[in-house]
Amino acid sequence: MGVKNTDGTKDLIVLHGEVTFPSGSSIIISDVYLQDPLNSFNAVGGADISNTSTTFEISDIDLAPNASYELVIVFSASPGDAGVRVELEGLFD
């Protein structure tokens with residue numbers, strides 16, 4: 001999924017995320033990646049990524065105003081047709 005900094009003046013420096021899985025599901029977050037589409041979708045250098053079974057935090061990033069990254073969240077299993085909900089929150093400086 002694309003992550004775009006729509007703030008016109010400040011850099012995005014931290015990205016928090018929370019994933020809600022279908023009720024009764026045992027699916028968890030396995031891994032999280034942040035990729036730069038302007039650099040052949042390579043990992044964003046210097047990004048510090050941590051995650052739990054349903055949340056993640058990406059820090060030490062510097063996403064300029066109006067720039068974009070790609071966020072990849074890998075799950076332990078497919079959610080099928082039930083889908084998931086992802087909520088994102090950013091910290092700007």
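Treat the numbers as computed from the prediction; the structure is a model and nothing was measured.

A. Seen up close, the sheet that holds strand 5 (residues 48–51). With antiparallel pairing, the four strands of this open sheet are ordered in space as 5-6-2-8. Both outer strands of the open sheet, strand 5 and strand 8 (85–92), are each paired with one neighbouring strand and no more. Direction aside, neighbouring strands of the sheet carry axes that sit 15 degrees apart on average. Summarising the sheet, strand 2 (residues 12–20) and strand 8 pair through eight bridges and their orientation is antiparallel. Among the inter-strand pairings, L12 is bridged to a residue of strand 8, identified as F92.

B. Broad picture of the pairing of strand 5. Bridge count between strand 5 and strand 6 (residues 55–59): four bridges; the pairing is antiparallel. From the neighbouring strand, S50 faces strand 6, where its bridge partner is E57. Remark: three residues form the turn of the hairpin made by strand 5 and strand 6, two consecutive strands paired antiparallel.

C. Broad picture of the nonpolar core. Counting residues in each nonpolar core, the largest one holds 17 residues, and the members touching the most others are I29, L34, F56, I58, I61 and L71. Counting residues per element, the ones that place at least two in this core are strand 2, strand 3 (29–36), strand 6 and strand 7 (68–75). Setting aside chain neighbours within four positions, we find I61 in contact with L12, I13, V14, L15, L34, V44 and A47.

D. Representation of the sheet that holds strand 4 (residues 42–43) in the model. Judged by pairing direction, the sheet is antiparallel, and its four strands sit side by side in the order 1-7-3-4 without closing on themselves. Of all strands in the sheet, those bounded by a partner on one side alone are strand 1 (2–4) and strand 4. Sheet analysis places strand 1 next to strand 7, joined by three bridges and oriented antiparallel. Bridged to K4 within strand 7 is S68.

E. Examining the side chain of S59 more closely. By the secondary structure assignment, S59 is in strand 6. We classify S59 as buried; its relative accessible area is 13%. Setting aside residues no more than four positions away along its own chain, S59 makes contact with I13, V14, G46, A47 and D48.

Thresholds, definitions, all that
- Residues numbered from 1 in each chain as written.
- Predicted model: local features only at pLDDT ≥ 70, side-chain atom pairs only at ≥ 80, totals over all residues.
- Heavy atoms only, no water.
- Pairing = 2+ DSSP bridges.
- Helix = DSSP H or I, 4+ residues; strand = E, 2+ residues; numbered from the N terminus.
- Axes fitted to C-alpha atoms, helices over the stretch in contact; angles between N-to-C directions.
- Core = buried A, V, L, I, M, F, W, Y, C linked by side-chain atoms within 4.5 Å.
- Buried < 20%, exposed > 50% of the residue type's maximum accessible area, 1.4 Å probe, protein only.
- Contact = heavy atoms within 4.5 Å.

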